[in-house]
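# Coordinate inspection notes
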Amino acid sequence: GQSLEQPSEVTAVEGAIVQINCTYQTSGFYGLSWYQQHDGGAPTFLSYNALDGLEETGRFSSFLSRSDSYGYLLLQELQMKDSASYFCAVRDPGSNYQLIWGAGTKLIIKP
Amino acid sequence: DAGITQSPRHKVTETGTPVTLRCHQTENHRYMYWYRQDPGHGLRLIHYSYGVKDTDKGEVSDGYSVSRSKTEDFLLTLESATSSQTSVYFCAISEAGQVPYEQYFGPGTRLTVT
């Protein structure tokens, strides 16, 4: 079957750097997406990696290693507003249109 | 932000009644999705649409039906609501070239079935 694993919760300090990991098991792989969701809000798209390596967008970066079936989201200079849940997702190999979602990682930031 | 609205935003209904949730987009995106989100389960796909009148089932489609008669509107119907369908429902859209990796979500509908 297809599955993604993320830690359920990560705690970090304001101003620090935090890494949220995602490992996946799928019969085919087409890329890894990351989404952010604040409590009570809607998920918002952060990034997509199709190829190995690091993609940087401001304070957020996303990394992919296809050989290790692993990716991570790196958040730098943490701010209190980064407190949210973060989801990784991959394309369902059996469909061109569907994503398989991880259960999410709740990021708690302490002052 | 993508122009996606959902209505109603909150609804309380009784077991056994039919319920319809509406998703409306102003982006002219071809692909539309309905998800439910429950604690500990992340997002689960109910149904999706890849064009007007073109829909297909997701992983949790039992008890739900959808319709899409116009590009901008995607309706989700709970045929006979049950307490297990109490959830937060999100609509999402995506465009060719981005699908399915990059999706834009509506604000959600909180549904309570009593």
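Conventions and cut-offs
- Residues numbered from 1 in each chain as written.
- Chains lettered and ligands numbered in written order.
- Predicted model: local features only at pLDDT ≥ 70, side-chain atom pairs only at ≥ 80, totals over all residues.
- Heavy atoms only, no water.
- Phe/Tyr/Trp six-rings, centres within 6.5 Å; stacked < 30°, edge-to-face > 60°.
- Helix = DSSP H or I, 4+ residues; strand = E, 2+ residues; numbered from the N terminus.
- Buried < 20%, exposed > 50% of the residue type's maximum accessible area, 1.4 Å probe, protein only.
- Lys NZ or Arg CZ within 6 Å of the ring centre and 35° of its normal.
- 1 Å grid on protein atoms, 1.4 Å probe; cavity = no way out; pocket = protein on both sides within 12 Å on 5 of 7 lines; lining within 4 Å.
- Points joined across faces, edges and corners; volume = space filled by probe spheres on them.
- Nonpolar A, V, L, I, M, F, W, Y, C, P; charged D, E, K, R; others polar.

### A look at the packing of aromatic side chains
Scanning all chains against the criterion turns up 20 aromatic pairs over all chains. A ring pair is formed by Tyr35 of chain A and Trp101 of chain A, whose centres lie 4.8 Å apart and whose planes are at 55°; its orientation type is tilted. Remark: Trp101 of chain A occurs in strand S10 (residues 99-101) and Tyr35 of chain A occurs in strand S4 (residues 32-37); sequence separation between them is 66 residues. Trp101 of chain A gets classed as buried once you look at its relative accessible area, which sits at 11%. Aromatic side chains Trp101 of chain A and Tyr35 of chain B sit 5.8 Å apart centroid to centroid with 85° between the ring planes, which places their arrangement in the edge-to-face category. With Trp101 of chain A in strand S10 and Tyr35 of chain B in strand S4 (residues 31-38), this pair bridges two chains. Counting every residue linked through ring pairs, the aromatic cluster contains Tyr35, Phe45, Phe87, Tyr97 and Trp101 of chain A together with Tyr31, Tyr33, Tyr35, Tyr48, Tyr50, Phe90 and Phe105 of chain B. For Arg91 of chain A, the ring lying beneath its charged end belongs to Tyr30 of chain A, and the centroid distance is 3.7 Å.

### Points about the layout of surface pockets
Estimates place the volume of the largest pocket at around 480 Å³. If you go around the largest pocket, you meet 24 residues; those closest to its centre are Gln37, Gly40 and Gly41 of chain A together with Gln37 and Val88 of chain B. For the lining of the largest pocket, the secondary structure elements donating two or more residues are strand S9 (84-91) and strand S11 (105-110) of chain A together with S4, strand S9 (87-94) and strand S11 (109-113) of chain B. Of the residues contributing to the lining of the largest pocket, the split by class is six nonpolar, 13 polar and five charged.

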